[in-house]
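# Architecture and fold: a report
This is what each chain is made of:
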Amino acid sequence: MLKNRPTVTRISDAVAVELEKRILEGSLKSGDRLPSEREFAVELGVSRPSLREAIQKLVSKGLLDSRHGGGTFVTNRLDAQFVDPWHELLSGHPMLHNDLLEFRQMLEGQAAYFAAERATDIDIQRLDGLYAALDSVYVSDDVSACIDADVAFHQAIADAAHNVLIGHMTASLMKLIHGHVANNLAHLHERPLRWDQLRSQHHAIWQAIRNHDPEAAARAAGSHIEFVRENLTDANREIERRLSASRR
């Protein structure tokens, strides 16, 4: 009898690990639908029964959701357990908003630093495309498009940092502060000078990452969030003044 019997890895276990890796790194995102079983088995080079067993393992972990006749989707489990309780607390405790912006400043500054240090050619190409999309909507009146482009740009930076936790925390944070982003962009859009400043800040972040200059990227990201913080404060004060005037 062998005392040190070699460990045999089941194919389905190896496939499950590969799928988990894709979810963690963000190549499979919340809401994404997996390819058909036949196509995915061919892509991974495994049998359909092995793929089916691997998917079931991740379904049991709550990372995938198989819908009868509707396909298999990546769940939002990694995001929801962070976002849901904080979303409720933020709505009831305004003093948390400043803490949230401080956390965003720390997180995005570090993300930009790592992105400038670690971004691959593929990351830079993706960032170039998303920056071009963001810059093009600045000249439009479509604030909703600006919000989507802004979020996508910042998420691309987080992904280019090549740190799994930064990528997922940024995605969660963007969901948590979506209302803040919308209010801030709407406020700035009515002020052309500040709108141009915002545009310049995103250009500075993008350029520093393209130049692989971590210190400049971190400074640019930090200055951007500080600018956002100041303008959200101004916007809240303006809302309060209007409410006060309406009560007179």
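Read on for a plain summary of the structure. Remember, it's a predicted structure, so these values are computed and weren't measured experimentally.

### Description of the layout of surface pockets
Roughly 620 Å³ of volume is contained in the largest pocket. Surrounding the largest pocket, 28 residues form its lining, Glu 25, Gly 26, Lys 29, Gln 155 and Asp 159 being those nearest its centre. Secondary-structure elements contributing two or more residues to the lining of the largest pocket are α1 (11–25), α4 (77–92), α6 (121–137), α7 (143–160) and α8 (164–176). If one sorts the elements of the lining of the largest pocket by residue count, α8 sits on top with 6 residues. Tallied by class, residues from the lining of the largest pocket come to 11 nonpolar, 10 polar and 7 charged.

### Points about the nonpolar core
A general tendency of soluble globular proteins is for nonpolar side chains to be buried together. Counting 44 residues, the largest nonpolar core has Ile 157 and Ile 209 as its most contacted members. Breaking this core down by element, the ones donating at least two residues are α5 (96–118), α6, α7, α8, α9 (178–189), α10 (192–210) and α11 (214–247). Val 15, Phe 40, Val 46 and Leu 58 belong to the second-largest nonpolar core, a separate cluster that totals 16 residues.

### Description of unusual backbone geometry
Glycine aside, residues mostly have negative phi, and peptide bonds are mostly found in the trans state. Of note in the backbone geometry, His 162 takes a positive phi value of approximately 55 degrees without being a glycine. Within the secondary structure, His 162 sits in the loop between α7 and α8. In this structure, His 212 takes a positive phi of about 55 degrees despite not being glycine. Of note, His 212 is situated in the loop between α10 and α11. Overall, His 212 belongs to the partly exposed group, its relative accessible area being 39%.

### A closer look at the side chain of Ser 12
The topology assignment puts Ser 12 in helix α1. At a separation of 3.3 Å, a polar atom in the side chain of Ser 12 contacts the side chain of Glu 53. If we ignore the near neighbours within four places in the chain, the residues touching Ser 12 are Ser 50, Glu 53, Ala 54 and Lys 57.

### Considerations on the packing of aromatic side chains
What the rule picks out here adds up to 4 aromatic pairs. Judged by centre distance (4.2 Å) and plane angle (5 degrees), the rings of Tyr 131 and Trp 206 are stacked. With Tyr 131 in helix α6 and Trp 206 in helix α10, this pair connects stretches of sequence that are 75 residues apart. You'll find Tyr 131 and Trp 206 in the same group, each marked buried. On the basis of an interplanar angle of 75 degrees and a centroid distance of 5.2 Å, the ring pair of Tyr 138 and Trp 195 is categorised as edge-to-face. Linking Tyr 138 in the loop between α6 and α7 with Trp 195 in helix α10, this pair joins segments that are 57 residues apart in sequence. Using a relative accessible area of 5% as the deciding quantity, one classes Tyr 138 as buried.

### Considering α6
With 17 residues, α6 extends 25 Å from end C-alpha to end C-alpha; this agrees with the ideal 24 Å at 1.5 Å per step. Residues of α6 that are buried: Asp 123, Ile 124, Leu 127, Tyr 131, Leu 134, Asp 135 and Val 137. One face of α6 carries all of its buried residues, which in axial projection span an arc of 155 degrees. Opposite the buried face of α6, by more than 90 degrees, sit the exposed residues Asp 121, Ile 122 and Gln 125. The inward-facing, buried residues of α6 abut α5, α7 and α10.

Definitions and limits used
Residues numbered from 1 in each chain as written. Predicted model: local features only at pLDDT ≥ 70, side-chain atom pairs only at ≥ 80, totals over all residues. Heavy atoms only, no water. 1 Å grid on protein atoms, 1.4 Å probe; cavity = no way out; pocket = protein on both sides within 12 Å on 5 of 7 lines; lining within 4 Å. Points joined across faces, edges and corners; volume = space filled by probe spheres on them. Helix = DSSP H or I, 4+ residues; strand = E, 2+ residues; numbered from the N terminus. Nonpolar A, V, L, I, M, F, W, Y, C, P; charged D, E, K, R; others polar. Core = buried A, V, L, I, M, F, W, Y, C linked by side-chain atoms within 4.5 Å. Buried < 20%, exposed > 50% of the residue type's maximum accessible area, 1.4 Å probe, protein only. Polar contact = N/O pair within 3.5 Å; in protein donor to acceptor, adjacent residues only side chain to side chain. Contact = heavy atoms within 4.5 Å. Phe/Tyr/Trp six-rings, centres within 6.5 Å; stacked < 30°, edge-to-face > 60°. Expected span 1.5 Å × (residues − 1). Arc of directions from axis to C-beta.

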